[in-house]
Amino acid sequence: MPHSVRHVFFRRTAPAAALGAFAAALTAVTPLAPPASAAGTLEQVTGFGSNPGNLTMYEYAPVGLPANAPLVVALHGCTQSASDYHAHSGWQKFADQWKFAVVYPQTGTANNSLSCFSWFDSAKDARGKGEAASVKQMVDSAVARYGSDRGRVYVTGLSAGGGMAADLLADYPDVFAGGSVDSGLPAQCASPQAAASGCQYSDQGLTPKQWGDKVRGSYPGYAGPWPRVAIWQGSADTTVAPVNGGELRDQWTDVWGIGQTPSGTRGLTGGTTESDYGDSGGRPAVALFSVSGMAHGLAVHPGSGADQCGGTGPYYLDYICSSYYTAKFWGLDTGGGQGGTGSLPAPSGLTVTGTTDTGVSLSWNPVSGAASYTVYRDGTKAGSATGTTYTDTGLTAATSYGYTVAAVDSSGAEGTPSAQVTATTTGAAPRCYTDNNYDQVRAGRAHQSAGYAYANGSDQNLGLYNVAVVHTLKETSPGYFVLADSGC
């Protein structure tokens, strides 16, 4: 793991001297060597508003940015900066590729000794107040400057930036069409700052409705539409406990009025499991990405592949390009939606022609004038076909998926999507076991060494070998268990 220091929002004990010493240790980290810059320039913007939160605004606009393009707001983590996040998170690659602008708010030590966004302070993270109001002013400024599509504004953040991103989604659901919370906290989890450690490390014991009420109370009287939310959580995160991923899922599924049972799951690269929670039309409204074995940080995956991005370093961890999957979840790779921009009619006769443990085969009737077809799985683009058949691979056994198809004309415009069909892969679903570490060892799902319990197969550290520590283990193959506290 590329961790040279332990990253926290603030220490469990918070005397000024202790925070100052910790900040000094963090600034002593060797500077990262950023990846090669993409086309365009990261620029500071002044005069964007009254700026009640005392933030600095940076923005990135790719060469050839068209009018009516999406806008993404990206919030760095503690001890980081806008330029650091721009260089390593991967957002610049997809801004260039899919043509959208990115705004990077930056906080500093004048606001917080560790340069953390104030997700725990109701005077700074509420609608119309402090840092939240400053970010809203940045959005208005960028939209006016670039002619951005107000219906396609999104916010993402890491760590404390993730906590603030969740707060912004709750404060301004009329501004943000979607969000992503990476190793972060549920919206309005803590206030005042003294309650923050409890949110970071502990289960708050709230029901989904109680979590949802925190969102609904952030903008009283607002009744929707609600943003689509992606949640990224590492199973080995000791700074923001994995339970926060489940709490975020509970919060936003309740806001959407959907259950906490996933409508579909699939395995991705880097030990990542995606669990989707579909709206009434079958399109994912909430997605939980659980990264097995990942500690605290942003998931990146350097390389030149289509699904690779970013640069590694402290809190940029090489597992999977989270920015790629988040952008696809929002629909940034398809011009902002699941079909519907062109004039071609919906394909008829979409049928499941076969399933295996890891794949689904589909066919449909041809559409006159179609140059190709786009296939969507659970509302996210799965692939393209020039003919009227497609096989989707890399899926999870015994899992249901929803599919639609849209015809694409010679100009690249997608027509109306087809009616959805559901396919269920064959095989046995992974089994999950929730128990204390002592009983996990007794049952043969884990082993103990030097007073600690370790999952069999993956050897993930479960903590002290006793009855006081409880985890969920998922058996992904016979005798191989991984942490699954964020959801099975």
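Use the structure listed above.
Caption draft 1: Fine view of helix α8 (residues 243–256). Counted at 1.5 Å a residue, the expected span for α8 with its 14 residues is 20 Å, and the 20 Å between its end C-alpha atoms agrees. Among the residues of α8, those classed as buried are N244, G245, G246, E247, L248, R249, D250, Q251, W252, T253 and V255. After α8 finishes, the residue G257 shows a positive phi value of roughly 75 degrees.

Caption draft 2: Inspection of the environment of T358 at higher detail. Relative to the elements of secondary structure, T358 occurs in the loop between β13 (351–355) and β14 (360–363). The class for T358 is partly exposed, based on a relative accessible area of 43%. Sequence-wise, T358 and L395 are 37 residues apart; in three dimensions their C-alpha atoms are separated by 4.4 Å. Those residues in contact with T358 that lie beyond four places of it in its chain are D392, T393, G394 and L395.

Caption draft 3: Quick look at the sheet that holds strand β25 (residues 480–483). Ordered by their spatial adjacency, 3 strands build an open sheet running β20-β24-β25, and the pairing between neighbours is antiparallel. Looking at the sheet topology across the chains shown, the edges are occupied by β20 (431–436) and β25. If you compare each strand with its neighbour and ignore which way they point, the axes differ by 35 degrees on average. Relative to strand β24 (residues 470–477), β20 runs antiparallel, the two sharing 6 bridges. Residue pairing in the sheet places C432 in a bridge with K474 of β24.

Caption draft 4: Highlighting the packing of aromatic side chains. Under the definition given, this model contains 15 aromatic pairs. Judged by centre distance (6.2 Å) and plane angle (75 degrees), the rings of W91 and F100 are edge-to-face. For W91, a relative accessible area of 1% puts it in the buried group. Among the residues examined, F100 registers a relative accessible area of 0% and is labelled buried. Ring plane angle 65 degrees and centroid distance 5.5 Å describe the contact between W364 and Y373, whose orientation is recorded as edge-to-face. Using a relative accessible area of 4% as the deciding quantity, one classes Y373 as buried. Site record: aromatic cluster; members linked through ring pairs are W91, F100, Y154 and W330.

Caption draft 5: Structural detail: the state of the cysteines. Scanning the model with the defined rule gives 3 disulfides in all. A sulfur-sulfur separation of 2.1 Å characterises the disulfide bridge that pairs C189 with C199. Taking the sign of the torsion about the S-S bond as the criterion, the disulfide between C189 and C199, at about -105 degrees, is left-handed. Of the two residues, C189 is situated in the loop between β6 (178–182) and α6 (196–201) and C199 in helix α6; the sequence distance between them amounts to 10 residues.

Caption draft 6: Region of interest: the packing of helix α7 (residues 208–216) against α8. Where α7 meets α8, the closest approach of the two axes is 7 Å, and the angle between their N-to-C directions is 70 degrees. By the angle between their axes, α7 is roughly perpendicular relative to α8. The chirality of how α7 crosses α8 is right-handed. When α7 is examined against α8, the residues P208, K209, W211, G212, K214, V215 and R216 are found in contact with a partner set consisting of E247, D250, Q251, W252, D254 and V255. Among the residues forming the contact of α7 with α8, the class breakdown is 5 nonpolar, 2 polar and 6 charged.

Caption draft 7: Here's a closer look at the sheet that holds strand β17 (residues 389–392). The strand order β13-β14-β17 describes an open sheet built from 3 strands, whose pairing is antiparallel. At either end of the open sheet lies a strand with only one pairing partner, and these are β13 and β17. The sheet shows a mean angle of 20 degrees between the axes of neighbouring strands, direction not considered. As defined by bridge partners, β13 adjoins β14 across 4 bridges and the pair is classed as antiparallel. If you follow V352 over to β14, its bridge partner there is L362.

Caption draft 8: Molecular detail of the pairing of strand β3 (residues 71–75). Along β3, 5 of the 5 residues are buried, which leaves the element largely enclosed by surrounding structure. Neither face of β3 is exposed, since L71, V73 and L75 on one face and V72 and A74 on the opposite face are all buried. Sheet topology places β3 next to strand β4 (residues 101–106); 3 bridges connect them, and they run parallel. Each residue of the ladder has a partner; that of V73, found in β4, is V103. Summarising the sheet, β3 and strand β5 (residues 153–158) pair through 5 bridges and their orientation is parallel. Residue pairing across strands places V72 opposite Y154, the latter belonging to β5.

Caption draft 9: Layout of the packing of helix α3 (residues 91–98) against helix α9 (residues 322–330). Contact geometry of α3 with α9 gives a least axis separation of 9 Å together with a crossing angle of 40 degrees. With respect to each other, α3 and α9 are oriented oblique. Taken as a pair, α3 and α9 cross one another with a handedness that is right-handed. Facing W91, F94 and W98 of α3, the residues of α9 in contact are S323, Y324, T326, A327, K328 and W330. Looking at the contact of α3 with α9, its residues break down into 6 nonpolar, 2 polar and 1 charged.

Caption draft 10: Quick look at the nonpolar core. L71, V139, V155, L168, F176 and W252 are the most contacted members of the largest nonpolar core, which totals 43 residues. Residue assignment for this core shows that the elements contributing at least two residues are β3, β4, α4 (130–146), β5, α5 (160–171), β7 (228–234), α8 and β10 (284–291). The leading source of residues in this core is α4, at 7 residues. If near-sequence neighbours (up to four positions away) are discounted, L71 is found in contact with A101, V102, V103, V139, A142, V143, S148, R152, V153 and Y154. If you look at the next biggest cluster of nonpolar residues, it comprises 38 residues, including W91, V102, A295 and I320.

Here is what the cut-offs are and how they apply
- Residue indices follow the written sequence of each chain, beginning from 1 at its first position.
- Reporting of local features is limited, given that this is a predicted model, to residues whose pLDDT is at least 70; pairs of side-chain atoms are given and counted only at 80 or more, and all residues count toward the totals for whole chains, interfaces and linings.
- To get the side-chain values, take all heavy atoms of the structure and skip hydrogens and water.
- Put simply, DSSP H or I for four residues or longer makes a helix, DSSP E for two residues or longer makes a strand, and each gets a number counted from the N terminus.
- For a helix, the expected span equals 1.5 Å multiplied by the number of residues minus one.
- When accessible area is computed with a 1.4 Å probe and restricted to protein chains, residues below 20% of their type maximum are described as buried, those above 50% as exposed, and intermediate ones as partly exposed.
- Any two residues having at least one pair of non-hydrogen atoms within 4.5 Å are treated as being in contact.
- Pairing between strands requires that DSSP locate at least two bridges from one strand to the other.
- Angles here are taken between N-to-C directions and fall from 0 to 180 degrees, while the axes themselves are lines fitted to C-alpha atoms, restricted in helices to the stretch in contact.
- Here is the rule: rings of Phe, Tyr and Trp (six-membered ring for Trp) pair when centre to centre is within 6.5 Å. Planes less than 30 degrees apart are stacked, more than 60 are edge-to-face, and the remainder are tilted.
- The disulfide definition used here is simple: a pair of cysteine sulfur atoms within 2.5 Å.
- Oblique is the label for any angle not covered by the other classes, which are roughly parallel (under 35 degrees), roughly antiparallel (over 145) and roughly perpendicular (65 to 115).
- In a left-handed crossing the near helix is turned counterclockwise from the far helix by less than a right angle, and in a right-handed crossing that turn is clockwise.
- Each residue is assigned to one of three groups, with Ala, Val, Leu, Ile, Met, Phe, Trp, Tyr, Cys and Pro labelled nonpolar, Asp, Glu, Lys and Arg labelled charged, and all others, Gly among them, labelled polar.
- Put simply, a nonpolar core is a bunch of buried Ala, Val, Leu, Ile, Met, Phe, Trp, Tyr and Cys residues held in one set by side-chain atoms that sit within 4.5 Å of each other.

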